[in-house]
Amino acid sequence: MVKCAVNGFGRIGRLVFKYAWDDPTLEIVHVNDVCSLESAAYLVKYDSVHGTWNKEVEETDNGFTVDGKLVTFSSHKEYTDIDFAAMGVEMVMECTGKFLKVSNLSPYFEKCGMKRVVVSAPVKEEGALNVVLGCNNQLLSEEMKLVTNASCTTN
């Protein structure tokens, strides 16, 4: 099981979180966003488009629980301030939409010790694989450390 964190907990980050939560190969242990813990816990449970999530979500002192399992929470503007290594995080799902250049994402590997970073927005540079499911997903391999799920903005 791969320990994961989500950086950026807006609509996309929350949808990624919920999808990944049910993946038996992933364990989400941390969320970082500039919103409050109270807002994060509420918004992951209640979505005005997708409705109420069928999991029990409760706020705690240092995060929130989903069906009794703790997910720690922080509000760091700089992701390099987060001690991912202490949590055993190997993969980050980067969902802020802010980091779209390899140079802005490389500290995840160099300073934070990530094995893999999945970006929710396209990174249109050499060094990242933009995956279009059904088109080029056969290019995915264990060697790919920086990948994105291409979006409608991908040219």
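Before reading further, recall that the structure is shown in the block above.
So, a few notes on the structure that sits alongside this text. Keep in mind that this is a model prediction, so the values were computed, not measured. (Residues numbered from 1 in each chain as written. Predicted model: local features only at pLDDT ≥ 70, side-chain atom pairs only at ≥ 80, totals over all residues. Heavy atoms only, no water.)

### Observations regarding the pattern of salt bridges
- Under the defined criterion, the tally for this structure stands at six salt bridges.
- The salt bridge partner of Arg 11 is Asp 47, with a shortest N-O separation of 3.1 Å. Residue Arg 11 is found in helix α1 (residues 11-21), and its partner Asp 47 is found in strand β3 (residues 46-47); the two are separated by 36 residues along the sequence. (Salt bridge = Lys/Arg side-chain N within 4 Å of Asp/Glu carboxyl O. Helix = DSSP H or I, 4+ residues; strand = E, 2+ residues; numbered from the N terminus.)

### Points about the state of the cysteines
- Evaluated as defined, the whole model comprises zero disulfides.
- Between Cys 35, a free cysteine, and Cys 95, which holds the nearest cysteine sulfur, the sulfur-to-sulfur gap is 13 Å. (Disulfide = S-S within 2.5 Å.)

### Some words on the pairing of strand β2 (residues 26-32)
- A large share of β2 lies buried, amounting to seven of its seven residues.
- Relative to β2, strand β1 (residues 2-7) runs parallel, the two sharing six bridges. Within β2, the residue paired with Lys 3 across the bridge is Glu 27.
- Between β1 and its parallel partner β2, the chain crosses via α1, and the hand of that crossover is right-handed.
- Of the strand pairs in this sheet, β2 and strand β7 (residues 69-74) are connected by three bridges, and their pairing is parallel. Paired with Val 31 across the strands is Phe 73, a residue of β7. (Buried < 20%, exposed > 50% of the residue type's maximum accessible area, 1.4 Å probe, protein only. Pairing = 2+ DSSP bridges. Right-handed = clockwise from strand over helix to strand, strands pointing away.)

### What about the side chain of Ser 74?
- Within the secondary structure layout, Ser 74 lies in strand β7.
- Among the polar contacts made by the side chain of Ser 74, one reaches the side chain of His 30 at a distance of 2.8 Å.
- Apart from the residues within four sequence positions on either side, Ser 74 is in contact with His 30, Val 31, Asn 32, Asp 33 and Ile 82. (Polar contact = N/O pair within 3.5 Å; in protein donor to acceptor, adjacent residues only side chain to side chain. Contact = heavy atoms within 4.5 Å.)

### Observations concerning the environment of Ala 40
- Position of Ala 40 among the secondary structure elements: in helix α2 (residues 37-45).
- Sequence-wise, Ala 40 and Phe 9 are 31 residues apart; in three dimensions their C-alpha atoms are separated by 7.1 Å.
- Residues in contact with Ala 40, not counting those within four places in the same chain, are Phe 9, Cys 35 and Phe 73.

### Side note on the sheet that holds β2
- Reading across the sheet, the nine strands line up as β5-β6-β7-β2-β1-β8-β9-β11-β10 and stay open at both edges, with mixed pairing between neighbours. Two strands bound the open sheet, and with one partner strand each, they are β5 (57-59) and β10 (129-131). The average undirected angle you get between the axes of adjacent strands in this sheet is 25°.
- Relative to β7, strand β6 (residues 63-66) is paired through four bridges, and the arrangement is antiparallel. Paired with Phe 64 across the two strands is Val 71, which belongs to β7.
- On the sheet, α2 packs against β5, β6 and β7 and is oriented at approximately 175° with respect to β5.
- Its contacts with the sheet put helix α4 (residues 102-110) on β1, β8 (91-94), β9 (116-119) and β11 (146-149), and the angle it makes with β9 is roughly 140°. (Axes fitted to C-alpha atoms, helices over the stretch in contact; angles between N-to-C directions.)

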